[in-house]
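If you want the building blocks of each chain, they are given just below.
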Amino acid sequence: MKRLRRNPDESDPETTPDPDGEVSFSKDQHERKCGLSSMKMMGFFVVALMVVSVVFSVSVVLQDPPSDGVLESGKNVRFLDVMESSKEEQVLEVQPQKGPVDDDALSIEVRKDKLHGGLLAAGFDETSCVSRYQSVLYRKESQHKPSPYLISRLRSYEALHKRCGPYTESYNKTLEKLKTGHHLESTDCNYLVWISFSGLGNRILTLASAFLYALLTNRVLLVDPGTDMVDLFCEPFPEVSWFLPLDFPLKNQFDSFDQKSPHCYGRMLKNNSFANSSKSILAPFVYLHLIHDYDDQDKLFFCDEDQTSLQEVPWLIMKTDNYFVPSLFLIPTFEQQLSNLFPRKEAVFHLLGRYIFHPTNPVWGLITRYYQAYLAKADERIGIQIRVFDTGTGPFQHVLDQIIACTLKENLLPDISTEKPIINQSQKSKAVLVTSLSGGYFERLRDMYWEHPTVTGEVIGFYQPSHEEYQQTEKQFHNRKAWAEMYLLSLTDVLITSSWSTFGYVAQSLGGLKPWILYKPENRTAPDPPCGRVMSMEPCFHAPPFYDCKAKRGIDTGAVVPHVRHCEDMSWGLKLVDNESEL
């Protein structure tokens, strides 16, 4: 198409006669020709102006909006570059596209509740943590809504945190109890300090457990930043930080806290130094050792009587690598409150996780860039999370065989054709997100579906964001990628996870997914059946107590109440499930 808009001062070979072609004309003819040419030139110029005007008008009226754009308040804004407005809820006009905002053929105008049904608080600086309100554009609408009581308690907790958080008057007053070593007059704020400990998956699960305990006991949760917590997670509470100040008096002792520490609750019980203390001389803090190696005295933390005693302690310092929420549901004192908070028991971490854990902007960039580049356009997204506990260098053939057997048996992926090509190719595409420390499983699966067509004609694409080869807990960018991959797995439609893996637990619960779990192989042999569907999306408590606090004897805590059962992947573990008769 010729360019019609031109500068009239410029010479144009299409509108001005070529002087070299006119040299043989007579003067008279030349003048008439020049006159005629001038009229033609003027006519062409007028026509050109009219055409340009029409083209410009049409382009303005019919111009396509950007494919990744969102119309907000009548203006075109780019989806990844501009924050939403600060209103609690708003109507977003989403352009039709495959991906997070075109699920189940939604209408063009989709009402997106960026506060997750009241779960999140409004009023944050949205640019400081883009994921907090933008994540709703990537997720399916959750089937698990927060109860009115949970919403009310979260707002009450936020007010408590604002009043008692770091460097407030109440915080400074209560801190004096640690500095002086004496139990002074009671204050209106008590605290639970969570020590950053273990791998990232464990930390996420234990922090959610600690927050629920703080909610139940009306304590203020303060989070040890460790080496990377500030880099990974946004502040969840308005106005006042949840991170423990660096000048906290006990911070340099965190690494040394264990069962032998003088202030360890289990040791104090053994020595009768806690039970025999009067309120006036009660220790200003107690260390709670809830790591997997804890003993019977440490486990008395889950008894009603002990919870009553701990209420008087202003500072509780907790170190744990367990998702201990299921055992909180076995403490009679908390029973009614937990029932009101979570009518659906399997949604505990799902709701608390979406409330607490928002990726920081650098991590959110990793998530959204990868999603848009590799997953958004697929008709279906499948996550495969692979964690291998065998020693030695993988990939292991029995693990690969187990993954393939699971996907085929459960019709999660189509079989391949090794004899003849599939001519009638399906238009359906599936994107398979593989997460593993090893790159070998991804490569074998990718090559299998690259070298052979599927029997259904579906197009299968495999993607693996990283393969770090071994876990590097203290490495900052390693944990950024790990957090991004957990989150990406939570955005899939179908999920396959590995037994005993907290990485998989986080992904399934955040996503509201009931995955197929790969049973743990024995003797390097793929189990039969290779996998099974989980009872609920809740994580497993790997090291629960087996003790009846009233009878003071051992008991199967997986058979006390219908909603606390043993895990599919760990027979002695506990997990929350929904008792259908109660719903």
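Residues numbered from 1 in each chain as written. Predicted model: local features only at pLDDT ≥ 70, side-chain atom pairs only at ≥ 80, totals over all residues. Heavy atoms only, no water.

1. What about the packing of helix α5 (residues 200–217) against helix α16 (residues 502–511)?
Two elements in contact, α5 and α16, have axes whose closest approach is 7 Å; the angle formed by their N-to-C orientations is 50 degrees. The pairing of α5 with α16 is recorded here as oblique in orientation. Here α5 and α16 pass one another in a crossing that is left-handed. Contacts from G201, N202, I204 and L205 of α5 reach α16 at T502, Y505 and V506. Of the residues contributing to the contact of α5 with α16, the split by class is four nonpolar, three polar and no charged. (Axes fitted to C-alpha atoms, helices over the stretch in contact; angles between N-to-C directions. Helix = DSSP H or I, 4+ residues; strand = E, 2+ residues; numbered from the N terminus. Parallel < 35°, antiparallel > 145°, perpendicular 65-115°, else oblique. Left-handed = near helix turned anticlockwise from the far one by under 90°. Contact = heavy atoms within 4.5 Å. Nonpolar A, V, L, I, M, F, W, Y, C, P; charged D, E, K, R; others polar.)

2. Considerations on the sheet that holds strand β9 (residues 380–385)
Sheet architecture is open: six strands sit in the order β11-β10-β9-β12-β13-β14, paired in mixed fashion. The strands lining the two open edges of the sheet, one partner per strand, are β11 (459–463) and β14 (531–533). In this sheet, adjacent strand axes meet at a mean angle of 20 degrees when their direction is disregarded. In the sheet, strand β13 (residues 516–518) pairs with β14 via three bridges, with the strands oriented antiparallel. Looking at β14, one finds that L518 is bridged to C531. Lying over the sheet, helix α13 (residues 397–409) contacts β9, β12 (494–498), β13 and β14, oriented at roughly 160 degrees with respect to β13. Across the sheet, helix α15 (residues 476–490) touches β9, β10 (429–435) and β12, and the angle it forms with β10 is around 145 degrees. (Pairing = 2+ DSSP bridges.)

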